[in-house]
Amino acid sequence: MTHTVERGYLAINLRRARHARGLTQDDIAAMSGVNRAYVSDLERGRRNIGIDCIGRIAAALDVPAASLLLPTEKIPGPRRPRPT
């Protein structure tokens, strides 16, 4: 699976904005008309997102859509399995 830099920015910015507002993934999903699993995948950089959906999620978070794509200091990569 390919992770783009922009997906990483979106993942971090979405999670930070959601936490800052005390919202759950279910809250964002309901307010933006998407599935909770989709929000989870976005926060992990696993899904591609269309511009219209960025707009709906940004509106749910009450942030400018462009703010979800701003560069951040850390970009998440693929998660590694925990040792057992």
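Scope of this entry: the structure provided in the associated data block.

Calculation notes
- Residues numbered from 1 in each chain as written.
- Predicted model: local features only at pLDDT ≥ 70, side-chain atom pairs only at ≥ 80, totals over all residues.
- Heavy atoms only, no water.
- Helix = DSSP H or I, 4+ residues; strand = E, 2+ residues; numbered from the N terminus.
- Core = buried A, V, L, I, M, F, W, Y, C linked by side-chain atoms within 4.5 Å.
- Buried < 20%, exposed > 50% of the residue type's maximum accessible area, 1.4 Å probe, protein only.
- Contact = heavy atoms within 4.5 Å.
- Salt bridge = Lys/Arg side-chain N within 4 Å of Asp/Glu carboxyl O.

Looking at the environment of I51
Here is step 1 of the chain: Its place among the elements puts I51 in helix α4 (residues 51-61).
Here is step 2 of the chain: C-alpha of I51 to C-alpha of A65: the two residues are 14 residues apart in sequence and 8.7 Å apart in space.

Structural notes on the nonpolar core
Here is step 1 of the chain: I28, L42, I49, I57, L61 and L68 are the most contacted members of the largest nonpolar core, which totals 19 residues.
Here is step 2 of the chain: Taken together, the elements giving at least two residues each to this core come down to α1 (5-20), α2 (25-32), α3 (36-43) and α4.
Here is step 3 of the chain: By residue number, the principal contributor to this core is α4, which donates 6 residues.
Here is step 4 of the chain: Discounting residues that sit within four places of it in the chain, L68 has contacts with Y9, L10, N13, L14, I54, I57, A58, L61 and V63.

Remarks on the pattern of salt bridges
Here is step 1 of the chain: Inspection of the entire model under this criterion finds 5 salt bridges.
Here is step 2 of the chain: For E43, the salt bridge is made with R15, and the minimal N-O distance between the two is 3.8 Å. Here E43, found in helix α3, pairs with R15, found in helix α1; they are 28 residues apart in sequence, far enough to count as distant.
Here is step 3 of the chain: Judged by its relative accessible area of 25%, R15 is partly exposed.
Here is step 4 of the chain: Looking at E43, the relative accessible area reads 3%, which means it is buried.
Here is step 5 of the chain: Via salt bridges that share partners, R15, R18 and E43 belong to a single interconnected network.

Looking at unusual backbone geometry
Here is step 1 of the chain: The residue D62 is not glycine, and still its phi comes out positive at about 60°.
Here is step 2 of the chain: Mapped onto the secondary structure, D62 falls in the segment after α4.

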